[in-house]
Amino acid sequence: HLRGNRPETDPKAAISHVAIYGAGIMGSGIAQVAAQSGYQVALWDVTQADLDRGIQAIRKSLTRFARKTNQPADWVQSIVSRISPTTDQLAACFSADLVIEAVVENLSIKQNLFSRLDTVAKASCVFATNTSSLLIADVSAKLSDERKRRTVALHFFNPVAVMKLVEIAYMDGTDPELLTLLKAWVLDIGKVPVLCRDTPGFIVNRLLVPYNIEARQLVERGDATIEDVDTAMKLGAGYPMGPFELMDMTGLDTGYHIMKASSVSPTSTRIWW
Ligand code: 3HC
């Protein structure tokens, strides 16, 4: 039924090169799905070791798919060869039509990265943040006004290769035609887009973060064990993982950054929940 929803826009006419910043769990997953759908991908990280780990994770995930779907022997390599790993931050985005940043959940690191890339990226290049908890307005604060109109959030979910959702979040000034293009791009990489205004946590994390915090507090109060909370939410609420299993998978360090960022948003002193 996705084909029925497919907008007229051909995303490959506007986007052929994607630059992804951060080769961690999210960045490498996004690089994988983009390359799998035929896009040329530049993948940047600070060190060669970070890049090697990212490419290794991509190979492992693709090999799993290849086995399951009986792909020819060179399938994995043909996809990996569309990904160019680099530690050269500026060069990674020279030919990019779409930049997606998936670096650590730290506002000034994201702001500084975007403002450096703004000086060298094509004027038409779209900037997207995969932030879990920051506002696009804050991440894009140091960008030129023209670039801000082409800046959104493209928020993927872990594990990227498997999870079908991408939240597309936009600001009041975001070019509306850009949203049509990005919806088409998200469908083209085999995912389902939902739209959301630039509001803390967008949709999923606005609900998931307080849920995770409440789960932790239940255990801290001694009301229930970790195992029983996980079992309860799997068997009583139909979630595929309990909150602690999920926090282990997304990473406790990521969870820490999200909670810190979400408790005091720079543009709003209100706590989310
Ligand atoms: N690469 C390729 N394929 C993979 C894969 C990977 N990395 N991981 C799993 N798969 C495939 C498996 O091969 C399997 O395929 P099949 O059904 O066709 O055989 C399928 O995915 C399911 O995998 P498994 O059978 O190994 O495992 P489960 O059935 O237990 O599912 C799960 C694993 C998909 C992770 C499921 O437990 C789940 O949906 N968990 C919840 C995940 C979730 O909520 N993620 C969101 C986190 S929040 C977030 O990311 C936001 C951020 O801002 C913090």
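Residues numbered from 1 in each chain as written. Predicted model: local features only at pLDDT ≥ 70, side-chain atom pairs only at ≥ 80, totals over all residues.

*Asks:* What is the right way to read the domain arrangement of the protein from this model?
*Replies:* Much of the literature gives interface size as the accessible area that the parts lose upon coming together. Under the domain assignment used here, the protein contains domain 1 (2-197) and domain 2 (204-262). Each of domain 1 and domain 2 has a C-alpha centre, and the two are 27 Å apart. Between domain 1 and domain 2, the residue contacts involve eight residues of the former and nine residues of the latter. Of the residues assigned to the side of domain 1 that touches domain 2, the class counts are two nonpolar, four polar and two charged. (Domains from an automatic or database assignment. Contact = placed C-beta atoms within 7 Å. Nonpolar A, V, L, I, M, F, W, Y, C, P; charged D, E, K, R; others polar.)

*Asks:* I'm lost on the confidence of the model for the protein in this one. Help?
*Replies:* Note that predicted coordinates carrying low pLDDT should not be read in detail. For the protein, the mean per-residue pLDDT works out to 92, and 93% of the residues sit at or above 70. Predicted confidence is poor over residues 264-270, with pLDDT under 50, and the contacts of this stretch with residues over four places away or in other chains come to nine contacts. On the interface metric, ipTM, the complex scores 0.92, and its pTM is 0.93. (pLDDT = per-residue confidence, 0-100.)

*Asks:* Explain the packing of helix α3 (residues 25-36) against helix α4 (residues 48-68) to me, please; I cannot follow it from the model alone.
*Replies:* In helix packing, the relevant descriptors are the interaxial angle and the interaxial distance, both defined with respect to the helix axes. Two elements in contact, α3 and α4, have axes whose closest approach is 9 Å; the angle formed by their N-to-C orientations is 50°. Judged by the inter-axis angle, α3 sits oblique to α4. Between α3 and α4 the crossing geometry is right-handed. Residues Gly27, Ser28, Ala31 and Gln32 of α3 pack against Gly54, Ala57, Ile58, Ser61 and Leu62 of α4. Within the contact of α3 with α4, the residues separate by chemical class into four nonpolar, five polar and no charged. (Axes fitted to C-alpha atoms, helices over the stretch in contact; angles between N-to-C directions. Helix = DSSP H or I, 4+ residues; strand = E, 2+ residues; numbered from the N terminus. Parallel < 35°, antiparallel > 145°, perpendicular 65-115°, else oblique. Left-handed = near helix turned anticlockwise from the far one by under 90°.)

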